[in-house]
Amino acid sequence: GTSLPVEQVSWEDVQGFIEKLNRLAGNSVYRLPTEAEWEFACRAGTTSHWSFGNDESQLREYAWYWINNMQRVTKEVGQKRANPWGLHDMHGNVWEWCQDWYGGYSDGSQVDPMGVSTGSSRVLRGGFFGGGALLTRSANRDDCKPSNRNNNNVGFRLLRVQ
């Protein structure tokens, strides 16, 4: 449906979509966010577990996850409260692909860090409709093979560069 998040799409499929979209736009203006960019947008200036604070009992107002989605399916976007920057569904509903390869973090504090330069899996962020509350935390991450499109709980969110 037009109001549901895209799902069952591989990271490689997303790259093909972005290439076509940028051709139509006449520029390279769309891409997947890096993992750091995704978390920055999710947190929306906060440092808490979720963009709304640390009180897990409020999560059902912001996210689709196992406690309020007994059907275990994706839900229409924008039905839950937005984060402080007006972004919906950053917590829960579907995992979202990031541009980065999955790997360990570097030691020390960093500003807009880049991920590892190679790997076998890509980063997923955001949690999903059938997972627990901890999977939806702003800092939580997972990984998936870039060719895998068999998950009905993985989608994407594009970043517009211009």
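The structure presented is a predicted model; accordingly, all values stated were derived computationally and were not measured.

Engineer: Sorry, what's going on with the side chain of Asp 100 here?
Structural biologist: Mapping Asp 100 onto the fold places it in strand β2 (residues 95–101). Among the polar contacts listed, one links the side chain of Asp 100 to the backbone nitrogen of Glu 35, at a separation of 3.3 Å. Beyond its immediate sequence surroundings of up to four residues, Asp 100 is in contact with Thr 34, Glu 35, Gly 115, Arg 122 and Val 123.

Engineer: Is there a simple way to explain the sheet that holds strand β5 (residues 154–155) in this structure?
Structural biologist: Within a sheet, each strand pairs with its neighbour through backbone hydrogen bonds, oriented either parallel or antiparallel. Pairing in this open sheet of four strands is mixed, and the strands run β4-β3-β2-β5 from one edge to the other. Where the open sheet ends on each side, the last strands, each with one partner, are β4 (141–144) and β5. Pairing of β2 with strand β3 (residues 122–125) involves three bridges; the strand directions are antiparallel. If you follow Trp 97 over to β3, its bridge partner there is Leu 124. Contacts from helix α1 (residues 11–25) reach β2 and β3 within the one sheet, and its direction differs from that of β2 by about 85°.

Here is what the cut-offs are and how they apply
- Residues numbered from 1 in each chain as written.
- Predicted model: local features only at pLDDT ≥ 70, side-chain atom pairs only at ≥ 80, totals over all residues.
- Heavy atoms only, no water.
- Helix = DSSP H or I, 4+ residues; strand = E, 2+ residues; numbered from the N terminus.
- Polar contact = N/O pair within 3.5 Å; in protein donor to acceptor, adjacent residues only side chain to side chain.
- Contact = heavy atoms within 4.5 Å.
- Pairing = 2+ DSSP bridges.
- Axes fitted to C-alpha atoms, helices over the stretch in contact; angles between N-to-C directions.

This is a description of form; function is not addressed.
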